[in-house]
Amino acid sequence: MHLEGGIIKQIGENLVVPGGVKVIEANGRMVIPGGIDVNTYLQKPSQGMTAADDFFQGTRAALAGGTTMIIDHVVPEPGSSLLASFEKWHEAADTKSCCDYSLHVDITSWHDGIREELEVLVQDKGINSFQVYMAYKDLYQMSDSQLYEAFTFLKGLGAVILVHAENGDLIVQGQKRILELGITGPEGHALSRPEGVEAEAVFRAITIAGRVNCPVYITKVMSKGAADVIALARKKGPLVFGEPIAASLGTDGTSYWSKNWAKAAAFVTAPPLSPDPTTPDHLTSLLACGDLQVTGSGHCPYSTAQKAVGKDNFTLIPEGVNGVEERMAIVWDKAVASGKMDENQFVAVTSTNAAKIFNVYPRKGRLAVGSDADVVIWDPDRAKTITAKSHKSAVEYNIFEGMECRGSPLVVISQGKIVFQDGSLSVSKGLGRFIPRKPFPEHLYQRVKIRSKVHGLHGVSRGMYDGPVYEVPATPKYATPAPSAKCSPSKHQPPPIRNLHQSNFSLSGAQTDDHNPRRTGHRIVAPPGGRSNITSLG
Amino acid sequence: METPAREPIEASEYLLRKLALPEFSTRRVDSASSAGAQTYQALSDGLLIRGGKIVNDDQSFHADVLVEDGLIKQIGEKLVAPGDIRTIDAHGLLVLPGGIDVHTRLQMPALGMVPADDFFQGTKAALAGGTTMILDHVFPDAGVSLLAAYEQWRERADALACCDYSLHVDIARWHESIKEELEALVKDKGVNSFLVFMSYKDRCQCADGQMYEIFSIIRDLGALALVHAENGDIVDEEQKRMLELSITGPEGHVLSHPEEVEAEATYRAVIIAKQANCPLYVTKVMSKGAADVVAQAKRRGAVVFGEPITASLGTDGSHYWSKNWAKAAAFVTSPPISPDPSTSDHLTALLSSGDLQVTGSAHCTFSTAQKAVGKDNFTLIPEGTNGVEERMAVVWERGVASGKMDENQFVAVTSTNAAKIFNLYPRKGRVAVGSDADLVLWNPRMTRVISAKSHHLNVEYNIFEGVECRGAPTVVISQGRVVVEDGNLLVTPGAGRFVPRKTFPDFVYKRVKARNRLAEIHGVPRGLYDGPVHEAVAPAKAASGAPVRTSCPGKISLPPVRNLHQSGFSLSGSQADDHVARRTAQKIMAPPGGRSNITSLS
């Protein structure tokens, strides 16, 4: 393989290369496309703090782990301009990032002016993915109606819809209850957000997306329940994608009960890690069989001091765990080294599928002539123990502390340059480029377009109903403003107007003013199944 | 309240005179319910049912039944009738406990209209079909308290009902004093089930948080939470979309209430109920998706019950596309009848296996003229179908005659399970000594075709028109009196008694109580965290008043106060004021997994 100018020039056996090119011996090692981490939060604001790893620290860690591209989340303050926040993130990342990056924009509130901003982001700024929240009540949370509207609009733009799926209403109730019980530690975080709450929201998101006929992408699949809902839904037809993260694949939530507060707090993220220790196995199996498609990290670590803001109240602990550096090694160890998936599926779930979904394929996610020279030489035999002593992140705790991973990157090449070799990093700040992404990724939207065509809706053509019509009394029975049991409230529907062209006289002998309410014995002469009142019966 | 109650009675009296029923002279309509049982006993003179096969939910056996004073007095072989009482020959017939229809709406207001079948007409039809008890839904209009609505229903039903009845109360809107109202209803009024709506946006729809609170109240009271499970937000959006596509006919109703929306809400209700550790009962299971959700939830251990109705078991939703508007409109109900024709088979199979437990009818009929209010806009069509009369026959035909369930399971799903769930057992739902003499003599060999020509309802269309049912009641006995015999009805308005129900039904709550004991959660006893704490920056960054992220709105969570007893000095060299925002590279000397900052580590 010959790399030049940041792209792959040639692939073949016994290549003849021009002089002055550095040759790396990769005998017996695998050459794979660099990992794409689809979910990082390197600048997430939380109660006035920002995550401990910024774009420099985070991307450096990413490269050390074999990830050569990240897609970070822009989190605007609710109500503030998406564009302004996007520019802020763009600027921060441009100056600090060591590897290529792209950005998701989180829709933290749904308001009127947002549609124009979204259009601008999609058409001019190279953003094709937006995240909506079903949790964080009174802050980011959107109601089902808003979700429906947002999905409809984003589908029109050809965007990928990401969903943070947790039922915010139930979480608030859970938190209230747990605090009332006097539980204030990190275990309260897990107790107040049981798995069902995640699975429920996933189910709801898929239902709404199914109605709108749009693809939906569930970020951070943390529990078996949520993963199963996705797997089942895929079998029924909706276009659903699920992203487990390094944390849910590599560890479990039993540490929330750790006696060491700082350690327990380090695991706090939302949705929480499942206390069920069989979860990583289950999620890995679903990844291997294709029911889940991509892996992210949700990397958003906070230092112990920052976490300690919530030392007396778990609801104040800033949420987020590490994982950007460990992701590739964990997936390899749990899935490939255990025999669940082959190396090709490994490439698919760590890189290729992400590139396809987010429309950067085949520039990223594939080793082919013309693709970006983001390459990892992977040593499947080298075992490495994850520990906070040697990790590149700025935080004190590593949630995977002590985990031994078979398989790790030997050489990492980003944009054609060696950035990591033999354990030493040589990165430079600001080298990462922003990768713009086009809307309507084929991988998602081809099917959506066809389905829209196939599932056109048509009414039944009938003649006008010209039988008797009950006159709705103008004044309601119980001195109240008649909550009509059936009219949709959002539209102002005038009460049915009396048709002056229609005669009130009927052969049955019943007259208009016969229709008083409560005349229980009242019969209309229209023999059931018999004579129809419709004039133009086909 | 006097006037509204009077009018329907007069209407019924008129009807009765017309029909010249003999018992009109023997019994005046009596509005006081308390007198009901006593005055009634004088009327029933005892019955002996000979030679029938008694079918309960657990076993069948041949025996005679002696009925006296409205109760079953003796069961045994070759009983001798005391004195001169009437003997009914039941050879070749099954003696079943009378059906319990767990879901009717005989007084449901819709757009200021009342259903075509009121308590008289509805219970009359019920008896004709072999159902001897109904549970009707009290639906309070806006501005009417639950208690007042309950009284309205009692007044009407006491005057008009021909069979025993009980009431569910619908919580149509959330308000502050709901807890007191529910408590009063449970403690003094004999109501132990309440329904919340997840649909009908901006009218009755309940938010998830409110549902959790209501469920918590219901659990503490020992009542049962009923849900109408459909996602109202999505339905609302879909209705808008259909009208925009200018689909205004009844097919718009089913298109805007897709199955997934029902399944979704069912799933959500199950999760909320699980959180609140409250037993859940899903009314009107209309689709395969929703039924599967209930079945799966049961497998995962949730205490949940599902109620398919006559309409979902006996017909399908293809009729919404009928060219005949009036016929299509007759099928409009919510959730709609599924257009998938395999639905009824699937639901029957789940009923047979016990994944679904009870059957209702959701009987709430409107005449064609009433339905026609929505002739130009399907969202205005009043919702409801018939089914109270057809329920037993439809379940028999689909379940027993097709070989899916045996006669015992038939009794379970049409009567016994309902009695157990709603705490009427064994007074109702069983043929046993001491139980109420609500009996049906069922002829499994009789075939009837359902038709609007012969039904006992006030509407022009019967949604089961033309369905042939093998199996029908020949004699129906309510409170020890024969009310149906060979197709003749001998009913009395006002004969029906209100049956109060106690809380904490064993069938439901035994498990819940045990789980409550087990589910106690404890925090982890830890020492106080005494390490450095990042000082949260004052809300300078966010001009939007910086809402604290996940603090629950109910309690005021104080910002972390700096502990004055705690020294800001630490051996790590980092100082209290070091923790300025954005010092990303900051390290605290607490080696991971190693030395802890907690003083009192055990």
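Residues numbered from 1 in each chain as written. Chains lettered and ligands numbered in written order. Predicted model: local features only at pLDDT ≥ 70, side-chain atom pairs only at ≥ 80, totals over all residues. Heavy atoms only, no water.

Undergrad: In this structure, what is going on with the UniProt feature "domain: Amidohydrolase-related" (unreviewed entry) in chain A? I would like to understand it.
TA: The feature "domain: Amidohydrolase-related" (unreviewed entry), as given by UniProt, occupies residues 30–419 of chain A in the numbering adopted here. Secondary structure over residues 30–419 of chain A splits into 39% helix and 19% strand, and the C-alpha atoms at its two ends are 17 Å apart. (UniProt positions renumbered as here; feature names shortened; annotations may be inferred. Helix = DSSP H or I, 4+ residues; strand = E, 2+ residues; numbered from the N terminus.)

Undergrad: Mind showing me how you'd approach the sheet that holds strand β5 (residues 71–76) of chain B here?
TA: Either a parallel or an antiparallel arrangement is found when strands of a sheet pair, and the pairing is made through backbone hydrogen bonds. All names here are of chain B. If you walk across this open sheet you meet the 4 strands as β5-β4-β1-β6, and the pairing is mixed. Each edge of the open sheet is held by one strand with a lone partner, namely β5 and β6 (86–89). Each adjacent strand pair in this sheet contributes to an overall mean axis angle of 20°, direction not counted. Sheet analysis places strand β1 (residues 47–50) next to strand β4 (residues 64–68), joined by 3 bridges and oriented antiparallel. Across the sheet, L48 pairs through a bridge with L66, a residue of β4. (Pairing = 2+ DSSP bridges. Axes fitted to C-alpha atoms, helices over the stretch in contact; angles between N-to-C directions.)

Undergrad: So what exactly am I meant to see when it comes to helix α8 (residues 232–244) of chain B here?
TA: In this model α8(B) runs 18 Å from its N-terminal to its C-terminal C-alpha over 13 residues, within 8% of the 18 Å that 1.5 Å per residue would give. Most of α8(B) is tucked away: 11 of the 13 residues are buried. Buried within α8(B) are the following residues: B:G232, B:D233, B:I234, B:V235, B:D236, B:E237, B:E238, B:Q239, B:K240, B:M242 and B:L243. Buried residues belonging to α8(B) abut α4 (144–157) and α7 (195–212) of chain A together with α9 (250–256) and α10 (259–276) of chain B. For α8(B), the side-chain oxygen to backbone nitrogen distance between the N-cap and B:D233 is 3.0 Å, and the N-cap itself is B:N231. (Expected span 1.5 Å × (residues − 1). Buried < 20%, exposed > 50% of the residue type's maximum accessible area, 1.4 Å probe, protein only. Contact = heavy atoms within 4.5 Å. Polar contact = N/O pair within 3.5 Å; in protein donor to acceptor, adjacent residues only side chain to side chain.)

Undergrad: Would you mind showing me how to read the confidence of the model for chain B here?
TA: One rule of thumb: low pLDDT means the predicted coordinates there are not for detailed reading. Residues and elements named next belong to chain B. Looking at chain B as a whole, the pLDDT averages 83, with 82% of positions reaching at least 70. Here residues 538–564 scores under 50 on pLDDT; set against residues more than four positions off or in separate chains, the count is 37 contacts. The low-confidence segment residues 595–602, where pLDDT is below 50, has 23 contacts with residues more than four positions distant or belonging to other chains. Scoring the predicted complex yields pTM 0.81 and, for the interface, ipTM 0.78. (pLDDT = per-residue confidence, 0-100.)

Undergrad: Would you take a moment to explain the UniProt feature "domain: Amidohydrolase-related" (unreviewed entry) in chain B for this structure?
TA: Residues annotated in UniProt with the feature "domain: Amidohydrolase-related" (unreviewed entry) correspond here to residues 94–483 of chain B. Split by type, residues 94–483 of chain B is 39% helix and 18% strand. Its first and last C-alpha atoms lie 17 Å apart.

Undergrad: How should I be thinking about the pattern of salt bridges in this particular structure?
TA: Between side chains of opposite charge, pairing is possible as soon as their charged atoms come close. With the rule as written, the count across this model stands at 59 salt bridges over all chains. In this structure, B:R526 and A:E187 form a salt bridge, with 2.9 Å as the shortest nitrogen-oxygen distance. Pair noted here: B:R526 is in the segment after α18 (506–518) and A:E187 is in helix α6 (residues 187–192), and the two residues belong to different chains. This pair shows no difference in class: B:R526 is buried, exactly as A:E187 is. Among the salt bridges present, the one from B:D236 reaches B:K201, with a minimum N-O distance of 3.9 Å. Residue B:D236 is found in helix α8, and its partner B:K201 is found in the loop between β11 (193–197) and α7 (208–221); the two are separated by 35 residues along the sequence. (Salt bridge = Lys/Arg side-chain N within 4 Å of Asp/Glu carboxyl O.)

Undergrad: How should I be thinking about the nonpolar core in this particular structure?
TA: Where a protein is soluble and globular, its nonpolar side chains tend to be buried together. Counting 284 residues, the largest nonpolar core has A:F151 and B:F215 as the members making the most contacts within it. In this structure, A:F151 is in contact with A:V132, A:I161, A:V163, A:A205, A:I208, A:A209, A:V212, A:C214 and A:V216, ignoring residues within four places of it in sequence. Counting 19 residues, the second largest nonpolar core, distinct from the first, contains A:I36, A:V38, A:F241 and A:A355. (Core = buried A, V, L, I, M, F, W, Y, C linked by side-chain atoms within 4.5 Å.)

Undergrad: Help me understand a nonpolar patch on the surface in this model?
TA: Together, A:M1, A:I11, A:V31 and A:V369 give the surface a local cluster of nonpolar side chains, amounting to about 330 Å² of exposed area. Following the sequence through the fold, A:M1 ends up in the segment before β1 (2–4). (Patch = residues over 30% accessible without salt bridge, like charges linked within 9 Å, V, L, I, M, F, W, Y side chains within 5 Å. Areas by Shrake-Rupley, 256 points an atom, 1.4 Å probe, with all protein chains shown as cover.)

Undergrad: Got a minute to help me understand the packing of α4(A) against α7(A) in this structure?
TA: For any two helices packed against each other, the geometry comes down to the angle between their axes and how far apart the axes lie. Residue and element names in this part refer to chain A. Relative orientation of the contacting elements α4 and α7 amounts to 50°, with a least axis distance of 10 Å. Here α7 runs oblique to α4, going by the angle between their axes. Viewed along their axes, α4 and α7 form a crossing whose handedness is right-handed. Between α4 and α7, the residues in contact are D144, L147, Y148, F151, T152 and K155 and R204, A205, I208, A209, R211 and V212, respectively. By residue class, the composition of the contact of α4 with α7 is 7 nonpolar, 1 polar and 4 charged. (Parallel < 35°, antiparallel > 145°, perpendicular 65-115°, else oblique. Left-handed = near helix turned anticlockwise from the far one by under 90°. Nonpolar A, V, L, I, M, F, W, Y, C, P; charged D, E, K, R; others polar.)

Undergrad: I keep staring at unusual backbone geometry and nothing clicks. Help me out?
TA: In most cases, non-glycine residues show a negative phi, while peptide bonds are predominantly trans. The omega torsion across A:A270 and A:P271 is -10°, close enough to zero to call that bond cis. Its place among the elements puts A:P271 in the loop between α10 (261–266) and α11 (279–289). Of the consecutive residues B:S334 and B:P335, the connecting peptide bond is found in the cis state with omega at -15°. Considering the arrangement of structural elements, one finds B:P335 in the loop between α13 (325–330) and α14 (343–353).

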